[in-house]
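# Close look at the chain arrangement
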Amino acid sequence: MTRDLPRGSVACMSQVRTRFAPSPSGFLHLGGARTALFNYLFAKRHGGSFVLRIEDTDRERSSDEFVRAILDGLQWLGLTPDEGPFFQSKRQDVYDRRIAELLEAGAVYHCFCSAEALDAKRKQAQADGTKYLYDRTCRELGRRPDAGESAVLRFKMPLEGETVVRDLVRGDVTFNNAELDDLILVRSDGSPTFHLVVVIDDIEMGITHILRGEDHLTNTPRQVRIFEAFSVEPPAYGHLPLIVGQDRARLSKRHGATAVDAYREQGFLPSAVINYLARLGWSHGDQEIFTGQQLEQLFDVDSVGKSASAFDMEKFGWVNFEHMRALEDAELADAVVPYLAERGETEQPREYLAAAVAQLKERAKTLVELAESLHYFVSDELRFDAKAVGKFLDDDGRAHLQTLHDELAQVDPWTAEQVEATLRVVVEREGLKLGQLAQPARVALTGGTVSPGIFELCAVLGRERTLARLAAAAAGAAAA
RNA sequence: GGCCCCUUCGUCUAGUGGUUAGGACGUCGGCCUCUCACGCCGAAGACACGGGUUCGAGUCCCGUAGGGGUCACCA
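Residues numbered from 1 in each chain as written. Chains lettered and ligands numbered in written order. Predicted model: local features only at pLDDT ≥ 70, side-chain atom pairs only at ≥ 80, totals over all residues. Heavy atoms only, no water.

## Some thoughts on the overall build of chain A
Just so we agree on the cut-off: Helix and strand labels come from DSSP, where a helix needs a run of H or I of at least four residues and a strand needs a run of E of at least two; each type is numbered from the N terminus. Throughout, radius of gyration means the C-alpha value; the globule benchmark is 2.2 Å times the number of residues raised to the power 0.38. Here, residues are in contact when the closest pair of their heavy atoms is within 4.5 Å. Using a 1.4 Å probe, the Shrake-Rupley method yields the accessible areas, and only the shown protein chains count as cover for residues. Residues scored as positive are Lys and Arg, those scored as negative are Asp and Glu, and His as well as the terminal groups of each chain are ignored. To locate a charge, take atom NZ for lysine, CZ for arginine, CG for aspartate or CD for glutamate.
Regarding its fold elements, chain A presents 20 helices and 12 strands. Against the 2.2 N^0.38 benchmark of 23 Å for 480 residues, chain A shows a C-alpha radius of gyration of 32 Å, more extended than a compact globule. Taken along the three principal axes of its C-alpha coordinates, chain A extends 105 × 50 × 40 Å. Put simply, 76% of the contacts in chain A that link residues at least 6 apart link residues at least 24 apart. If you sum the accessible surface of chain A, you get close to 22,800 Å²; carbon and sulfur atoms cover 48% of it. Positive and negative side-chain charges of chain A, numbering 56 and 73 respectively, have mean locations separated by a distance of 4 Å.

## Considering helix H19 (residues 454-461)
Put simply, the rule reads: Each residue is placed in one exposure class: buried if its accessible area under a 1.4 Å probe, protein chains only, is under 20% of its type's maximum, exposed if it is over 50%, and partly exposed if it falls in between.
Counting buried residues along H19, six of its eight residues qualify, which places the element largely inside the surrounding structure. Taken as a whole, H19 has its buried residues at Ile454, Phe455, Leu457, Cys458, Val460 and Leu461. Looking one or two places after H19, you find Gly462, whose phi comes out positive at around 95°.

## Here we look at the protein's contact with RNA strand B
Operational definition: One heavy atom within 4 Å of a molecule or strand makes the whole residue count as near it. Pairs of N or O atoms within 3.5 Å make up the polar contacts considered here, provided that, within protein, one atom can donate a hydrogen while the other can accept it, and that residues adjacent in sequence are counted only when both atoms are side-chain atoms. When residue character is reported, Ala, Val, Leu, Ile, Met, Phe, Trp, Tyr, Cys and Pro are called nonpolar, Asp, Glu, Lys and Arg charged, and the others, Gly included, polar.
Taken together, 62 residues surround RNA strand B, and among them Arg187, Arg248, Gly281, Glu362 and Ser451 come closest. Within the backbone of Phe194, one N or O atom sits 3.0 Å away from a phosphate oxygen of RNA strand B. At 3.1 Å, a backbone N or O of Ile454 approaches a base nitrogen of RNA strand B. If you list the elements that add at least two residues to the surface near RNA strand B, you get helix H4 (115-128), strand E7 (171-176), helix H5 (194-204), strand E12 (309-310), helix H10 (313-326), helix H18 (434-446) and H19. For the surface near RNA strand B, the per-class residue count stands at 20 nonpolar, 18 polar and 24 charged.

## A few points about the state of the cysteines
Which entries qualify depends on this criterion: Two cysteine sulfur atoms make up a disulfide if the distance between them is within 2.5 Å.
Enumeration over the complete set of coordinates arrives at zero disulfides. In this model Cys138 remains outside any disulfide bridge; the closest cysteine sulfur is found in Cys113, 3.6 Å from its own.

## Some words on the sheet that holds strand E3 (residues 83-87)
Definition in use: One bridge is not enough; two strands pair if DSSP finds at least two bridges between them. A fitted line through C-alpha atoms serves as each axis, taken over the contacting stretch for helices, and the angle formed by two N-to-C directions is quoted from 0 to 180°.
Sheet architecture is open: three strands sit in the order E1-E2-E3, paired in parallel fashion. Across the chains shown, the open sheet's two edge strands, defined by having one partner strand only, are strand E1 (17-20) and E3. Each neighbouring strand pair of the sheet contributes to a mean axis angle of 25°, computed without reference to strand direction. For E1 and strand E2 (residues 49-54), the ladder comprises four bridges, and the chain directions are parallel. Along E2, the bridge assignment pairs Arg17 with Ser49. Of the strands in this sheet, E1 and E2 are in contact with helix H1 (residues 30-45), which crosses E1 at around 165°.

## Digging into the sheet that holds strand E5 (residues 152-155)
To summarise the sheet geometry, strands pair through backbone hydrogen bonds and adopt either a parallel or an antiparallel arrangement. With antiparallel pairing, three strands are arranged side by side in an open sheet as E4-E5-E8. Two strands lie at the open edges of the sheet, namely strand E4 (108-111) and strand E8 (184-186), each paired on one side alone. Each neighbouring strand pair of the sheet contributes to a mean axis angle of 45°, computed without reference to strand direction. The sheet strands contacting helix H3 (residues 92-105) are E4, E5 and E8, and the helix crosses E4 at an angle near 95°.

## Quick look at unusual backbone geometry
The amide bond that connects Gly84 to the next residue, Pro85, takes the cis arrangement and shows omega of 10°. One can find Pro85 in strand E3. With an omega of 0°, the peptide bond running from Asp412 to Pro413 counts as cis. Relative to the helices and strands, Pro413 is located in the loop between helix H16 (395-408) and helix H17 (416-430). We note that Arg136 has phi near 65°; this positive angle belongs to a residue other than glycine. In this fold, Arg136 is placed in the loop between H4 and E5. You will see that Ser231, though not glycine, has its phi angle at about 60°, which is positive. Following the sequence through the fold, Ser231 ends up in the loop between helix H6 (220-229) and strand E10 (236-240). Exposure remark for Ser231: the relative accessible area of 68% places this residue in the exposed category.

## Some details on the confidence of the model for chain A
Defined as follows: pLDDT expresses, on a scale from 0 to 100, how confident the predictor is about each individual residue.
A residue-level look at chain A finds 95% of positions with pLDDT of 70 or above and a mean pLDDT of 92. Long-range and interchain partners of residues 1-12, a stretch whose pLDDT sits below 50, account for 21 contacts in this model, where long-range means more than four residues apart. This complex was scored by the predictor with a pTM of 0.92 and an ipTM of 0.95.

## A few points about the layout of surface pockets
Our working rule: In this analysis a 1.4 Å probe is tested at points of a 1 Å grid over the protein atoms alone, and where it fits but cannot get out there is a cavity; an open set with protein on both sides within 12 Å along at least five of seven lines is a pocket; lining residues have an atom within 4 Å of a point. Grid points are joined across faces, edges and corners, and a volume is the space filled by probe spheres set on the points.
In this structure, the largest pocket spans a volume of roughly 1,300 Å³. If you go around the largest pocket, you meet 41 residues; those closest to its centre are Pro22, Ser23, His29, Asp215 and His216. The set of elements that each furnish at least two residues to the lining of the largest pocket consists of E1, H1, H5 and strand E9 (209-213). Residue contributions to the lining of the largest pocket peak at five residues, all from H1. Here the residues of the lining of the largest pocket sort into 15 nonpolar, 16 polar and 10 charged. As a volume, the second largest pocket reaches approximately 360 Å³. Taken together, 15 residues line the second largest pocket, and the ones lying closest to its centre are Ser373, Tyr376, Thr446, Gly448 and Val450. With three residues, the single largest contributor to the lining of the second largest pocket is helix H13 (residues 367-373). By residue class, the composition of the lining of the second largest pocket is three nonpolar, seven polar and five charged.

## Observations regarding the side chain of Thr220
Along the chain, the position of Thr220 falls in helix H6. Since its relative accessible area comes to 0%, Thr220 is described here as buried. Here the side chain of Thr220 touches Arg212 through a polar contact of 3.0 Å, side chain to side chain. If sequence neighbours within four positions are ignored, Thr220 has contacts with Val165, Arg212, Tyr237 and His239.

## Regarding the pattern of salt bridges
Heads up, the condition is: By convention in these notes, a salt bridge is any Lys or Arg side-chain nitrogen within 4 Å of a carboxyl oxygen on Asp or Glu.
Summed over all chains, the structure comprises 36 salt bridges. We note a salt bridge from Arg61 to Asp58, for which the minimum N-O separation is 3.1 Å. In this structure Arg61 comes out as exposed when scored by relative accessible area, which is 59%. The class for Asp58 is partly exposed, based on a relative accessible area of 27%. With its nearest N and O atoms 3.4 Å apart, the salt bridge here joins Arg98 to Glu101. Taken together, the residues span about one helical turn, with Arg98 and Glu101 both in helix H3 at a distance of three residues. Note on Arg98: relative accessible area 13%, which makes it buried. By relative accessible area, Glu101 is classed as partly exposed at 37%. The network of salt bridges with common partners includes Arg19, Arg53, Glu55, Arg91, Asp201 and Asp202.

Okay, here's the thing in structure tokens:
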């Protein structure tokens with residue numbers, strides 16, 4: 001009805017421009033991050049531009065703190081805008097100009113109804129169980145406010161007919177115009193509202209495609225009409241399914257962390273967050289793991305699903321695991337450094353840390369877990385597990401450790417292979433099973449019963465640490 | 001409540017009229033093994049329901065149910 005330009009033929013469009021337009025009234029949460037991601041990917045995929053716009057027209061709720069949090073979050077995720085951030089609070093002159101246009105064209109009218117009166121009508125309708133729509137008492141008044149009189153500007157919505165939203169993910173969605181009421185576009189203090197600034201900025205910034213949450217779907221027919229009032233063809237819209245919690249309710253604080261920053265704290269890699277978010281509502285055959293670069297090449301709006309998807313921490317953890325082990329040891333070592341510092345561990349040579357990380361990376365789902373499991377590699381103050389000590393560092397165990405210590409002291413060069421050969425010799429000679437020697441040694445070296453293979457463990461720890469810990473355990477140091 | 005959207009294993013999903021309905025996470029069992037992991041092998045597990053259309057429906061149409069979104073001088 002409103003648009004009959006062919007849409008969807010993305011390739012023909014001269015220049016794709018998408019945008020992410022958060023309002024700084026909260027931190028960057030997963031839903032917002034995914035919206036930003038899809039717009040980013042869509043732009044990259046089509047060689048276009050990704051614009052960042054901060055919608056801070058509501059001065060009451062906006063804060064610099066949230067602006068910074070959103071910017072930080074996007075930066076951490078690597079969703080760098082090609083243009084922006086633009087702040088709507090600094091664009092009043094642009095809006096004033098456009099408001100004048102609307103007035104000129106007779107697309108809006110002054111409304112003198114007080115907020116209190118409207119509120120009362122709304123409550124009344126609610127009490128009667130009927131739908132509330134602004135009753136348009138001022139629509140035909142045709143007068144301007146007198147000096148000192150306050151008024152808002154409302155949009156003249158068509159009274160009949162319908163508006164069709166041609167949605168990239170849902171197809172055509174038809175709305176009855178009688179359901180749309182005359183929106184307030186300019187507040188009595190002269191500031192523009194959401195619907196107006198969105199449309200003006202999307203026009204001014206040349207936005208061609210808008211991917212946003214499904215919660216905006218009912219806003220779209222209204223905005224489409226505003227575009228029409230400006231005689232501008234609206235951009236193509238795609239309404240993304242919402243992310244919900246395990247209980248199918250909208251994702252909220254109840255479902256754990258919401259700000260993306262919380263996932264950084266929990267030890268998730270940004271590439272894993274990107275990967276997981278991309279797969280929530282979008283798919284590419286059977287592929288689960290994607291690099292950012294792959295996503296930029298493969299993302300397409302046709303493969304975006306229609307139904308809400310539930311956030312699943314288990315799978316998210318697995319995705320993070322996959323991304324962690326895809327990293328080079330040295331990269332992973334660098335990534336875990338801040339988490340070690342957080343735990344008060346002392347700094348280690350990068351090479352040593354990389355070797356230790358190589359042993360542990362298939363045993364941790366997050367950087368936090370990795371840092372935790374790194375303890376016995378980076379500290380000599382072992383935390384002994386009493387149960388393990390009791391079980392393996394008994395008289396027999398300690399005696400075996402002393403023997404092992406003495407044999408290991410002869411090993412040269414100090415390699416996993418040499419250590420293994422030595423252990424096997426001792427096992428053979430003493431008539432033990434490997435476990436009878438390896439387990440006490442593991443407790444002596446790590447404080448517990450869980451670790452990488454004993455030979456590799458010794459090799460990475462090095463001769464000095466290994467011998468010292470074995471000697472200490474043999475002497476009964478752990479028992480205390 | 002009005003309007004709008006959605007509905008394949010517990011979860012993320014593949015599927016575009018003909019498939020033993022595939023994969024992944026998770027779960028369970030086994031193998032590997034010096035512990036824990038990783039890896040490998042295997043198992044259980046889904047088309048919300050009811051009508052059509054069709055030789056044949058997860059796929060198309062209608063309805064029902066369930067879930068969700070939205071109804072501000074917020075965005």
